[in-house]
Amino acid sequence: MWLKTGPGLQPICPIDGRFGLHGQDEIPLRALQFKRGLLHEFRKGNASKEQIRLHSLVQQIPKAIIIGVRKGGTRALLEMLNLHPAVVKASQEIHFFDNDENYAKGIEWYRKKMPFSYPHQITIEKSPAYFITEEVPERIYKMNSSIKLLIIVREPTTRAISDYTQVLEGKERKNKTYYKFEKLAIDSNTCEVNTKYKAVRTSIYTKHLERWLKYFPIEQFHIVDGDRLITEPLPELQLVEKFLNLPPRISQYNLYFNATRGFYCLRFNIVFNKCLAGSKGRIHPEVDSSVITKLRKFFHPFNQKFYQITGRTFNWP
Ligand SMILES: Nc1ncnc2c1ncn2[C@@H]1O[C@H](COP(=O)(O)OS(=O)(=O)O)[C@@H](OP(=O)(O)O)[C@H]1O
């Protein structure tokens, strides 16, 4: 049975059997349902590898990786890119390149962590720790020196506060007390920015990027504006489609603003839509304005360098 879809309706991801507003194609509905069922049976151990092979489903090493930045909007970016029919996401953070134990398990272990996809599709994973972990650029280079690398950044001070907020929430969940952001971010002896504080260090984007540039040319990176992805996601996603050499398929239909959440959510089809989990979009604690000013002044020269290297300028204060 073939399903003649409505105006502009076609499968977004045949494996999941999702549909979106993207074209006018006819699609073999039964074939999609069959493959979906087959995958389900395979996961349960009832379908053979041979059956999976017959339907050309493979687990592929990522052709693009979202390497960071933590709290930059990496989850939103991955989920939104997954709306594209040619993209398949690895749902979990794999932490292959930053975790020595995982890395020692070898590349086949990594591949087997990937979702099934059709050969023409590209697999994308995200592990924000990659961006700041010393060993990662060399390890990724050894796997694929021409891989495409995505970095999503936010205004550095906001990102640092977001980072702090996540840790604070974890402490509070365990009924533990924690320092105020101001105490961690400012060295009480010198009254200067505490560069030993990880949330501060992670926001010095240029320092981390420079390490990556020892292995990969700047053309292999694409910088996503994480602040704009929050307020106006489509143009940012269209830039990524271009960078990945994908035909433009994500449309405004796939993204709708949810006033309750205060964020854009994802629409796959007329029945299936989803917002990101509540752990995304936490309310940040109020931070002393003099500390914010100090941090912004501190990040300023690093930001300038980052703009220079990447060729992408942000309106960060
Ligand atoms: N559409 C949508 N929905 C919800 N949240 C969104 C969205 N787009 C971007 N963001 C922002 O993503 C921030 C979390 O970033 P990450 O996913 O990179 O966090 S993590 O490093 O994986 O923990 C998270 O940061 P906080 O607001 O500070 O919690 C969000 O602001």
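A few points on the structure.

The rules we used
Once a new chain begins, its residue numbering starts again from 1 and follows that chain's sequence as written. Per-residue local features of the predicted model are confined to residues with pLDDT of at least 70, and side-chain atom pairs are confined, for both listing and counting, to 80 or more; whole-chain, interface and lining totals are unaffected and use all residues. In computing side-chain values, all of the structure's heavy atoms are included and hydrogens and water are not. When we say a residue is near a molecule or strand, we mean one of its heavy atoms is within 4 Å of it. Within 3.5 Å is the distance limit for a polar contact, defined as a pair of N or O atoms, with the added protein rule that one can donate a hydrogen and the other accept it, and that residues adjacent in sequence qualify only through two side-chain atoms. Each accessible area is a Shrake-Rupley result for a 1.4 Å probe, and residues are judged covered by the shown protein chains and nothing else. With a 1 Å grid spanning the protein atoms alone, the term cavity applies to any set of points in which a 1.4 Å probe fits but cannot get out, the term pocket to an open set with protein on both sides within 12 Å along at least five of seven lines, and the term lining residue to any residue with an atom within 4 Å of a point. Any molecule with more than half of its atoms within 2 Å of a cavity's or pocket's grid points is counted as sitting in it. Helix and strand labels come from DSSP, where a helix needs a run of H or I of at least four residues and a strand needs a run of E of at least two; each type is numbered from the N terminus. When residues are grouped by polarity, Ala, Val, Leu, Ile, Met, Phe, Trp, Tyr, Cys and Pro land in nonpolar, Asp, Glu, Lys and Arg in charged, and all others, Gly among them, in polar. Working convention: axes come from line fits to C-alpha atoms, limited for helices to the stretch in contact. Angles between N-to-C directions cover 0 to 180 degrees. Any two residues having at least one pair of non-hydrogen atoms within 4.5 Å are treated as being in contact. A strand pair is defined by DSSP finding two or more bridges across the two strands. Between rings of Phe, Tyr and Trp, where Trp is taken as its six-membered ring, a pair exists when centres lie within 6.5 Å; planes separated by under 30 degrees are stacked, by over 60 edge-to-face, and by other angles tilted. Cation placement over rings: the criterion is NZ of Lys or CZ of Arg within 6 Å of the ring centroid and within 35° of the ring normal.

## Description of the site of the ligand
Next up, step 1: Inspection of the region around the ligand gives 23 residues, with Lys71, Thr74, Lys126, Ser162 and His284 positioned closest.
Next up, step 2: Glycine 73 has a polar backbone atom sitting 3.0 Å from an oxygen atom of the ligand.
Next up, step 3: Measuring from an oxygen atom of the ligand, one finds a backbone N or O atom of arginine 282 at 3.0 Å.
Next up, step 4: Calculation on the ligand without its partners gives an accessible area of 640 Å², and the protein chains cover 96% of this total.
Next up, step 5: Most atoms of the ligand, that is more than half of them, are within 2 Å of grid points of the largest pocket.
Next up, step 6: When contributions to the shell around the ligand are tallied by element, the ones reaching two or more residues are α3 (74-81), α7 (156-173) and β13 (263-267).
Next up, step 7: Ranked by the residues each element gives to the shell around the ligand, the list is headed by α3, at four residues.
Next up, step 8: Here the residues of the shell around the ligand are counted per class, giving eight nonpolar, seven polar and eight charged.

## A short note on the packing of helix α10 (residues 205-212) against helix α13 (residues 289-310)
In helix packing, the relevant descriptors are the interaxial angle and the interaxial distance, both defined with respect to the helix axes.
Next up, step 1: Running from N to C, α10 and α13 point in directions that differ by 40 degrees, and their axes come no closer than 8 Å. Taking contact as the criterion, the partners of Tyr205, Thr206, Lys207, Leu209 and Glu210 in α10 are, on α13, Phe302, Lys305, Phe306, Ile309 and Thr310.
Next up, step 2: Looking at the contact of α10 with α13, its residues break down into five nonpolar, two polar and three charged.

## Some points on the sheet that holds strand β10 (residues 148-153)
Paired through their backbone hydrogen bonds, the strands of a sheet run either parallel or antiparallel.
Next up, step 1: Pairing is parallel across the open sheet formed by five strands, whose spatial order is β7-β9-β6-β10-β11. The two strands at the open ends of the sheet, each matched to only one other strand, are β7 (87-89) and β11 (221-225). The sheet shows a mean angle of 25 degrees between the axes of neighbouring strands, direction not considered.
Next up, step 2: Of the pairings in the sheet, the one linking strand β6 (residues 64-68) to β10 comprises four bridges and is parallel in character. Counted as the bridge partner of glycine 68 is isoleucine 151 from β10.
Next up, step 3: Sitting on the sheet, α3 is in contact with β6, β7, β9 (122-126), β10 and β11, with an inclination near 165 degrees to β9.

## Brief notes about the packing of aromatic side chains
Next up, step 1: Under the counting rule described, the total for this entry stands at 26 aromatic pairs.
Next up, step 2: Ring plane angle 65 degrees and centroid distance 6.3 Å describe the contact between phenylalanine 181 and tyrosine 197, whose orientation is recorded as edge-to-face. Of this pair, phenylalanine 181 sits in helix α8 (residues 181-185) while tyrosine 197 sits in the loop between α8 and α9 (198-202); the two residues are 16 residues apart in sequence, bridging distant segments of the chain.
Next up, step 3: Taken together, the ring pairs connect Phe96, Phe97, Tyr103, Trp109, Tyr110 and Tyr130 into an aromatic cluster.
Next up, step 4: In this structure, arginine 139 is placed above the aromatic ring of tyrosine 103, and the distance from its NZ or CZ to the ring centre is 4.2 Å.
Next up, step 5: The residue whose ring lies beneath arginine 267 is tyrosine 253, and the NZ or CZ to ring-centre distance is 5.1 Å.

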